Amino acid sequence: MTPDWFTEARFGLFVHFGAYSVAARHEWVQNSERLNDEEYREYVEFFDPDRFDARELARTAKAAGAGYVVLTTKHHDGFALWDSQLSDFTSMRSCGRDLVRETVDALREVGLRVGLYYSLIDWHHPDFTVDWNHPRRDDAAGAALNEGRDMARYRAFLHGQVEELLTGYGPIDSLFFDFTYPETKQGWAGKRAEDWDAERLLARCRELQPQMLVNDRLGIEGDFVTPEQYQPTSPIVRDGRPVRWEACQTTNGSWGYHRDNDDYKSAPLLLRMLVDSVSMGGNMLLNIGPDGRGAIPPRDREILDGIGEWMALHGRAVVGAGHAGFTPPREGVYTRRGDRLYLHLFTWPLGFVHLPGLAGRVRHARLLHDGSWLRRSITDPDQEALLTQPAGQADGTLTISLPVRRPDVAIPVIELVLDETDGARQAD
């Protein structure tokens, strides 16, 4: 796979913001509480993002080390954050602001790539048929709810809104569609690629934005795949070839703002998930959910600050890096960028770390956070363990000597400069 901006960036920030942020019970509140349009309208009526500052958001993402930001332009509730000419269910009508425009412009100002999220689902649209994901699926009227609804009219609306996004905001770098669910459950049919006319929709995206990457949730193959809320355990391949992928993760299990959810991950855990993704040739898209007034919640900001502090010292082991192809030691994972191999130590060993297959292939080793040199050595595989002498390591193993005290960083990283041209070079 040819490297591109997406595989170069490795780390992106997802931003879920909308009328559901006012409800403060995560982005699926309309579905989980079976709210009809009238019950949900209160959150739209009082949507007033006076603290939504796109420039601050962009600066925060950049300081955290993200290379791109993906904004939810419209979620499943159908509320659009731009001045759509096809609907009055918009932020422009609600609060007089085009939040997509504000965000796109702010991201470009700081040099970040622009990603837009668009939900294929729309619980507000009168022609979107009720299915097993719809808030009204349990209504007493049952199947009669779909009388008069016409998915052909909805498809025209869907395609029209996507066209607005792809023609009104300049170059867009990635488009995140969400999502296709063909299964039948509880007597309700789901939605298939045909419901979106996915082939034609994707073709139009290619025509309008030829350089844009499109994800895999149209129900047909896209440019990258999007594992959500779990971490792959190996590089993702298709027909024997690596594919682009990004693990979509949250700070606390909710995508939209959830005031009472305190189940936050720590910055070190999220960094471990990030470097684990990169070690397998993938990205991580980390979500935050601004609150009902549009501000980044303090816990999210604290996490992003912690990630940014680490990335300021170790970003080169993530940005532009990828799968290494070497067997890492048990204490961590490798990422690689050119002739630099990076060992991310999830556990700190006592005195030494042993690197299989790297004897004679490394010409310099150092701790990345402070650039301090580390001694390298090779032991005789036949060396016997004695009272104070460890047994020899397997043939081809390079040993790195470490200080006893673990560096005070979230994840210590050893940078190894590879010498691929001189396999006979000896350790010093």
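Structure first, text after, so check above.
Conventions used here
- Residues numbered from 1 in each chain as written.
- Predicted model: local features only at pLDDT ≥ 70, side-chain atom pairs only at ≥ 80, totals over all residues.
- Heavy atoms only, no water.
- Axes fitted to C-alpha atoms, helices over the stretch in contact; angles between N-to-C directions.
- Helix = DSSP H or I, 4+ residues; strand = E, 2+ residues; numbered from the N terminus.
- Parallel < 35°, antiparallel > 145°, perpendicular 65-115°, else oblique.
- Left-handed = near helix turned anticlockwise from the far one by under 90°.
- Contact = heavy atoms within 4.5 Å.
- Nonpolar A, V, L, I, M, F, W, Y, C, P; charged D, E, K, R; others polar.
- Buried < 20%, exposed > 50% of the residue type's maximum accessible area, 1.4 Å probe, protein only.
- 1 Å grid on protein atoms, 1.4 Å probe; cavity = no way out; pocket = protein on both sides within 12 Å on 5 of 7 lines; lining within 4 Å.
- Points joined across faces, edges and corners; volume = space filled by probe spheres on them.
- Arc of directions from axis to C-beta.
- Polar contact = N/O pair within 3.5 Å; in protein donor to acceptor, adjacent residues only side chain to side chain.
- Pairing = 2+ DSSP bridges.

Novice: Would you take a moment to explain the packing of helix H8 (residues 151-167) against helix H10 (residues 198-208) for this structure?
Specialist: Put simply, H8 and H10 touch, their axes get as near as 10 Å, and they point 15° apart. Overall, the two elements H8 and H10 adopt an arrangement that is roughly parallel. Here H8 runs over H10; the crossing is right-handed. Taking contact as the criterion, the partners of Leu158, His159, Val162, Glu163, Leu166 and Thr167 in H8 are, on H10, Arg200, Leu201, Arg204, Cys205 and Leu208. Residue composition of the contact of H8 with H10, grouped by class: 6 nonpolar, 2 polar and 3 charged.

Novice: Any chance you could explain unusual backbone geometry here in plain terms?
Specialist: Apart from glycine, the bulk of residues carry a negative phi angle, and the bulk of peptide bonds sit in the trans form. The residue after aspartate 178, namely phenylalanine 179, is reached through a cis peptide bond having omega -15°. You can see phenylalanine 179 is positioned in the loop between strand E4 (174-178) and strand E5 (181-185). Notably, alanine 24 is not glycine yet its phi reads approximately 65°, a positive angle. Tracing the chain through its elements places alanine 24 in the loop between helix H2 (20-23) and helix H3 (29-32).

Novice: Would you explain the environment of arginine 204 in this entry?
Specialist: Checked against the element boundaries, arginine 204 lands in helix H10. Taking relative accessible area as the criterion, arginine 204 reaches 29% and is therefore assigned partly exposed. For the pair arginine 204 and serine 401, spaced 197 residues apart in sequence, the C-alpha to C-alpha distance is 56 Å.

Novice: What's the story with empty space enclosed by the protein in this structure? I'm lost.
Specialist: Think of a ball as big as a water molecule: rolled over the atoms, this probe shows where empty space is left. By the definition in use, this model includes 3 cavities of 30 Å³ or more. In this model, the largest cavity occupies a volume close to 70 Å³. In terms of lining residues, the largest cavity is bounded by 13 residues, among which Asn252, Gly256, Tyr257, Gly289 and Asp300 are the most central. Of the residues belonging to the lining of the largest cavity, the class tally is 5 nonpolar, 7 polar and 1 charged. If you add up the space inside the second largest cavity, you get close to 40 Å³. Looking at the lining of the second largest cavity residue by residue, the classes come out as 5 nonpolar, 1 polar and 3 charged.

Novice: How should I be thinking about helix H5 (residues 54-63) in this particular structure?
Specialist: A turn of α-helix holds 3.6 residues, and therefore any two residues three or four places apart point the same way. Of the positions making up H5, those classed as buried are Ala54, Leu57, Ala58, Thr60 and Ala61. The buried residues of H5 occupy an angular sector of 165° when the element is viewed end-on, so they sit on one face. Structurally, H5 contributes buried residues whose contacts are with strand E1 (11-15), strand E2 (68-74), helix H7 (99-109), strand E12 (283-288) and helix H12 (298-314). Its side-chain oxygen 3.1 Å from the backbone nitrogen of arginine 55, aspartate 53 forms the N-cap of H5. Positive backbone phi, at 100°, marks glycine 65, one or two positions downstream of H5.

Novice: Teacher, can you tell me more about the pairing of strand E19 (residues 413-418) here?
Specialist: Two faces make up the sheet, and in a regular strand the side chains alternate between them. With 6 of 6 residues buried, E19 lies mostly within the body of the structure. Here E19 shows no split at all, with Val413, Glu415 and Val417 on one side and Ile414, Leu416 and Leu418 on the other all buried. Strand direction decides the pairing type here: strand E14 (residues 340-345) and E19, joined by 5 bridges, are antiparallel. Bridge pairing in E19 links tyrosine 342 to glutamate 415. By the bridge criterion, 5 bridges tie strand E16 (residues 362-367) to E19 in an arrangement that is antiparallel. Within E19, the position partnered with alanine 365 by the bridge is leucine 416.

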